[in-house]
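Results of the structural survey
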There are 4 protein chains.
Amino acid sequence: MKTGRLEAFSDGVLAIVITIMVLEMKAPEETNLKALLDVFPVFLSYLLSFIYLGIYWNNHHHLLQATQKVNGKILWANLHLLFWLSLIPFATSWVGENYEVSEPIALYAFILLMSAIAYWLLEIELIKFHDENSPLKKITQRGTKEYLSIIIYVLAIPVAFFNSWISIACFIIVAILWIVPDKRLEKFSI
Amino acid sequence: MKTGRLEAFSDGVLAIVITIMVLEMKAPEETNLKALLDVFPVFLSYLLSFIYLGIYWNNHHHLLQATQKVNGKILWANLHLLFWLSLIPFATSWVGENYEVSEPIALYAFILLMSAIAYWLLEIELIKFHDENSPLKKITQRGTKEYLSIIIYVLAIPVAFFNSWISIACFIIVAILWIVPDKRLEKFSI
Amino acid sequence: MKTGRLEAFSDGVLAIVITIMVLEMKAPEETNLKALLDVFPVFLSYLLSFIYLGIYWNNHHHLLQATQKVNGKILWANLHLLFWLSLIPFATSWVGENYEVSEPIALYAFILLMSAIAYWLLEIELIKFHDENSPLKKITQRGTKEYLSIIIYVLAIPVAFFNSWISIACFIIVAILWIVPDKRLEKFSI
Amino acid sequence: MKTGRLEAFSDGVLAIVITIMVLEMKAPEETNLKALLDVFPVFLSYLLSFIYLGIYWNNHHHLLQATQKVNGKILWANLHLLFWLSLIPFATSWVGENYEVSEPIALYAFILLMSAIAYWLLEIELIKFHDENSPLKKITQRGTKEYLSIIIYVLAIPVAFFNSWISIACFIIVAILWIVPDKRLEKFSI
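What you see is a predicted model, and the numbers here were worked out from it, not measured in a lab.

Attention now moves to the overall build of chain A. Summing up its helical and strand segments, chain A has ten helices and zero strands in all. What you see in chain A, going N to C, is helices and strands ordered as α-α-α-α-α-α-α-α-α-α. A globule of 190 residues ought to have a C-alpha radius of gyration of about 16 Å, and chain A, at 18 Å, matches this closely. Over its C-alpha atoms, taken along the principal directions, chain A stretches across nearly 60 × 30 × 25 Å. When each of the 190 residues of chain A is scored for burial, the buried share is 63%. Sequence separation of 24 or more characterises 82% of the internal contacts of chain A that already satisfy a separation of 6 or more. As displayed, chain A has an accessible area near 7,700 Å², and 67% of this comes from carbon and sulfur atoms. In chain A, which carries 14 positive and 16 negative side-chain charges, the distance between the mean positions of the two groups comes to 13 Å.

This part is about the layout of surface pockets. Its volume calculated, the largest pocket comes out at about 1,200 Å³. Together, 40 residues line the largest pocket, and Leu23(A), Lys26(A), Lys26(B), Glu24(D) and Lys26(D) are the ones closest to its centre. Elements supplying a minimum of two residues to the lining of the largest pocket: α1 (4-24), α2 (33-38) and α5 (88-97) of chain A, α1 (4-24) of chain B, α1 (4-24) and α5 (88-97) of chain C together with α1 (4-24) and α5 (88-97) of chain D. Residue composition of the lining of the largest pocket, grouped by class: 19 nonpolar, six polar and 15 charged. Of the voids in this model, the second largest pocket is the one considered here, and its volume is about 1,100 Å³.

On to the side chain of Arg5(B). Assignment of secondary structure puts Arg5(B) in helix α1. Under the relative-accessibility criterion, Arg5(B) is labelled buried at 7%. At 3.0 Å, the side chain of Arg5(B) forms a polar contact with the side chain of His60(C). Apart from residues lying up to four places away in sequence, Arg5(B) is in contact with Glu7(C), Ser10(C), Asp11(C), Trp57(C), His60(C), His61(C) and Leu64(C).

The two copies are related by a screw operation: chain B maps onto chain A through 90° of rotation and 0.0 Å of translation along the axis, at an RMSD of 0.0 Å. Both copies are brought into coincidence by an operation consistent with a four-fold rotation axis. Considering only C-alpha atoms, the residue of chain B closest to the rotation axis is Gly12(B), which sits at 4.3 Å. Both copies present different contact surfaces, since only 5% of the interface residues of chain B are interface residues in chain A too.

In this assembly, 39 residues from chain A lie in contact with 30 residues from chain D. For the pair chain A and chain D, the two sides together bury roughly 3,100 Å², of which 75% comes from carbon and sulfur. It is Thr31(A), Phe50(A) and Trp57(A) that lose the most area in chain A upon contact with chain D, and together they represent 20% of the buried surface on that side. For the pair chain A and chain D, the interface holds two salt bridges.

Any two packed helices are characterised by the angle at which their axes cross and by the distance between the axes. Residue and element names in this part refer to chain C. One can describe the packing of helix α3 (residues 40-65) onto helix α6 (residues 102-129) by two numbers: an axis separation of 12 Å at closest approach and a directional angle of 5°. Here α6 runs roughly parallel to α3, going by the angle between their axes. Residues Leu48, Ser49, Tyr52, Tyr56, Asn59, His60 and Leu63 of α3 form the contact with α6, whose own contacting residues are Tyr108, Leu112, Ser115, Ala116, Tyr119, Leu122, Glu123 and Leu126.

Superposition record for chain A on chain D: RMSD 0.0 Å, screw rotation 90°, translation along axis 0.0 Å. Mapped onto chain D, only 5% of the interface residues of chain A are again interface residues, and the two copies thus contact each other with different surfaces.

Once that is clear, we can look at the UniProt feature "transmembrane region" (unreviewed entry) in chain A. In the numbering used here, UniProt assigns the "transmembrane region" (unreviewed entry) feature to residues 6-23, 35-55, 75-95, 107-127 and 147-180 of chain A. Within the segment residues 147-180 of chain A, helix and strand shares are 85% and 0% respectively, and the terminal C-alpha atoms sit 16 Å apart.

This next bit is on the interface of chain B and chain A. Listed by partner, the interface residues are 39 residues for chain B and 30 residues for chain A. Taken over both partners, the interface formed by chain B and chain A buries close to 3,100 Å², and the fraction arising from carbon and sulfur atoms is 74%. Summed over the shared surface of chain B and chain A, the number is two salt bridges. Of the charged contacts, one joins Arg5(A) and Glu7(B) as a salt bridge, the two residues approaching to 4.0 Å between their closest N and O atoms. Counting across the chain B and chain A interface gives four residue pairs in polar contact (both at pLDDT 80 or more). Elements with a contribution of two residues or more to the side of chain B that touches chain A: α1, α2 (33-38) and α3 (40-65) of chain B.

Moving on to α6(C). With 28 residues, α6(C) extends 41 Å from end C-alpha to end C-alpha; this agrees with the ideal 40 Å at 1.5 Å per step. Taking burial as the measure, the 28 residues of α6(C) include 20 buried ones, the bulk of the element.

Its 15 residues give helix α4 (residues 72-86) of chain C an end-to-end C-alpha distance of 21 Å, which sits within 8% of 21 Å, the value for a rise of 1.5 Å per residue. The element α4(C) is largely enclosed, with a buried count of 13 among its 15 residues.

For the coordinates displayed, the defined rule picks out 48 aromatic pairs over all chains. Measuring from centroid to centroid gives 5.9 Å for Tyr56(B) and Tyr119(B), while their planes differ by 70°, and the two rings are edge-to-face. Linking Tyr56(B) in helix α3 with Tyr119(B) in helix α6 (residues 102-129), this pair joins segments that are 63 residues apart in sequence. Each member of the pair, Tyr56(B) together with Tyr119(B), is buried. Aromatic pair Trp120(B) and Tyr147(B): ring centres 5.6 Å apart, planes at 70°, arrangement edge-to-face. Of the two residues, Trp120(B) sits in helix α6 while Tyr147(B) sits in helix α8 (residues 144-159), which places them 27 residues apart along the sequence. A relative accessible area of 26% places Trp120(B) in the partly exposed class. Following the ring pairs from residue to residue traces out a cluster consisting of Phe40(A), Phe43(A), Tyr46(A), Phe50(A), Phe83(D), Trp84(D) and Phe110(D). Positioned over the ring face of Trp178(A) is Lys145(A), at 4.4 Å from the centre of the ring.

Quick notes on the rules
One numbering rule holds for all chains: residues counted from 1, following each sequence as written. Numbering of ligands from 1 and lettering of chains from A proceed in the order in which they are written. Where local features are concerned, this predicted model is filtered to residues with pLDDT of at least 70; where side-chain atom pairs are given and counted, the filter is 80 or more; whole-chain, interface and lining totals use all residues. Each side-chain value is derived from all of the structure's non-hydrogen atoms; neither hydrogens nor water enter the calculation. Numbering of helices and strands runs from the N terminus, with a helix taken as a DSSP run of H or I at least four residues long and a strand as a DSSP run of E at least two residues long. Using C-alpha atoms as the atom set, the radius of gyration is obtained and then compared with a globule rule of 2.2 Å times the number of residues to the power 0.38. Working definition: with a 1.4 Å probe on protein chains only, accessible area under 20% of the residue-type maximum means buried, over 50% means exposed, and in between means partly exposed. The contact definition used throughout considers only heavy atoms, calling two residues in contact when any of these lie within 4.5 Å. For accessible areas, the Shrake-Rupley method is used with a probe of radius 1.4 Å. Any residue's cover is judged against the shown protein chains and nothing else. Within this scheme the basic residues Lys and Arg register as positive and the acidic residues Asp and Glu register as negative, but His and the chain ends are omitted. Where a charge lies is defined by one atom per residue type: Lys uses NZ, Arg uses CZ, Asp uses CG and Glu uses CD. Only protein atoms enter the 1 Å grid, on which a cavity is a set of points fitting a 1.4 Å probe that cannot get out and a pocket is an open set with protein on both sides within 12 Å along at least 5 of 7 lines, lining residues being those with an atom within 4 Å of a point. Grid points are joined across faces, edges and corners, and a volume is the space filled by probe spheres set on the points. Here the nonpolar group is Ala, Val, Leu, Ile, Met, Phe, Trp, Tyr, Cys and Pro; Asp, Glu, Lys and Arg are the charged ones; every other residue, Gly included, is treated as polar. As used in this structure description, the phrase polar contact means that two N or O atoms lie within 3.5 Å; if the pair is within protein, one of them must be able to donate a hydrogen and the other to accept it, and residues adjacent in sequence are counted only when both atoms belong to side chains. Here the copies are superposed with least squares, the fitted atoms being C-alpha atoms of residues at a pLDDT of at least 70 in both. The buried area of a pairing is the accessible area, by a 1.4 Å probe, that goes missing from both parts when the two are put together, added over both. By convention in these notes, a salt bridge is any Lys or Arg side-chain nitrogen within 4 Å of a carboxyl oxygen on Asp or Glu. Only the contacting stretch of a helix is used when fitting its axis, a line to C-alpha atoms as for every element, and angles between N-to-C directions run 0 to 180 degrees. Orientation labels follow simple angle bins: below 35 degrees gives roughly parallel, above 145 gives roughly antiparallel, 65 to 115 gives roughly perpendicular, and whatever is left gives oblique. UniProt positions are given in the numbering used here, feature names are shortened, and annotations may be inferred rather than shown by experiment. By definition here, a helix of n residues has an expected span of 1.5 Å times n minus one. Geometry of aromatic contacts follows a simple scheme: Phe, Tyr and Trp rings, the Trp one being its six-membered ring, pair when their centres are within 6.5 Å, and the pair is stacked under 30 degrees between planes, edge-to-face over 60, tilted otherwise. Our definition puts a charge over a ring when NZ of Lys or CZ of Arg is within 6 Å of the ring centre and also within 35 degrees of the ring normal.

Below you can see the structure in the form of structure tokens.
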């Protein structure tokens, strides 16, 4: 099987996930600047989730460019990843309304953790199906960034019950780590 | 006519159907774990429907890969399938809120049944339009799994009025039947 | 300019328009069959609109297959068509809740009329940009069906204020006229 | 990296953004013409935003057709543009309900301004990555129209607090400026 429709379907789901979050930002009833400021935390949680989904789309894009063929297991590993990513709007909405409360922040960290694991599983299935010399081999070499992200997500769950702001800081740090362009990936995807 | 736009449109509809279900999972007003647990049945019904739509997307993907050309009847058979699949979020939402009540479960079974029949009709139209030696001929050979699924959906409708949990178990069994990779399909779609 | 992205964008918009209508079908609060029957008119209006959008997607698909190139005016003629089609869910929702009232039915007829005119304008722009021998010339030959549809839509607007059921019958007749496969189109789009 | 998936993802996001605005137009409870007229300002704000998003889609389409390759920075510049465009439905909804109030109009102007800047940044990143003789060089030559638009958006923000109708007139003038087909772009994108 070729990768065309897998990419098209993933693009579709990610495009929808990234935009339905805006539906959660309801236009305020009142029309003064204060009413707009009340929406601001929801806006910030949307911004953070937009960046995370942008990172996943970018990495997914690079990964699939180095992929030559897919099988049934890879289709399911990809759907598994899309499943966790599709829960981000739900968690974003809960966090946006309650950004100082532990449970929503912990749930957000949990969904980011599961998404990271699902991406890892997708990489593993892709490598299994390609031979040794495939560019996939090098792209999917996991470095400090990959392990660090997962460790930070794991820590952010219990930390949310002590101080939710530390967890939020964790999310921002991981996002910055990933926005910095990944030279290793681009090299192989020209 | 080529299959490109049929695939693109189907991917679009399926991607939307699979993600709009999450919109039904409203972020709870309260922020404790109990409030999250209250959303849990809705989450499980989302998970089940996500898996069913994933199965349909996978099978549709395989089917179209073996297809060389389409005609007007095939376009309508495909739209007919998409119509029933597009009702899954509605049924999922009703089931998620009332998973112990007979009517929502029976409706869910009915929509799964109609989707399975619509898929069958699509296969029939595709075979009619291709010649004897087309790979479609072998891919669409209906085996035990196909007939068993339809029988289980039919049974799940009346059973829901006796015990909705048995019907739910039926849905899970059919899903597992289909998640197991279908060697027969993959062979022909490389 | 090639037609690829015009098709992709149109497919995206049509896929979304066709599926967001389901969001209007809210899962009923109650769980008996009566509650489901209350949703039935909404369901029927969804079914009718699904068929209309299916017809437009089919015809658009055929039209673009015979198209070799597009220009800026064609892009806008296409956006104009998508604009009217995107209003169908709004009208569908209003009709579904009030199918015996004149105003919603008249609005529905008006939007169908404007969509038909927009499709016509798109055809005109496409023909202008292609030479005499293009297959477009023959595909876009307007026959009885095209003129009849527009006349029926125009009539359905005032008729809705006398008897909304006659207007509904008009919509169903036009839909049936168009579901019958159009030999003229398919011939040129192999 | 090739431009295929960047286009597909952008088309997906723009198609969703352009259609979710309709979701904000709730079918009125009542069924007389007056109820429909009450929705009219919301309709007009939808129409204006539809045209703006149509302009962005058209220009983005032309820009990417002259693009041969993309890198990580371009992917992010594109996501940045999509981010601001995705906020248009939120602003549209707020304006539609309160079109005579300063704050919503000023926010609308601000989001249009940020979108224009984001588009500019995308052009800059694209030019950096292509050599001197690329057709991109000429397409992205900024003329009066580009600078005038940005100046008008900037002015529309404070003006909204004096008279919101002047700001609305500004939005309409800029839209008309851009709907007139851009000969310069089409020449290079055949």
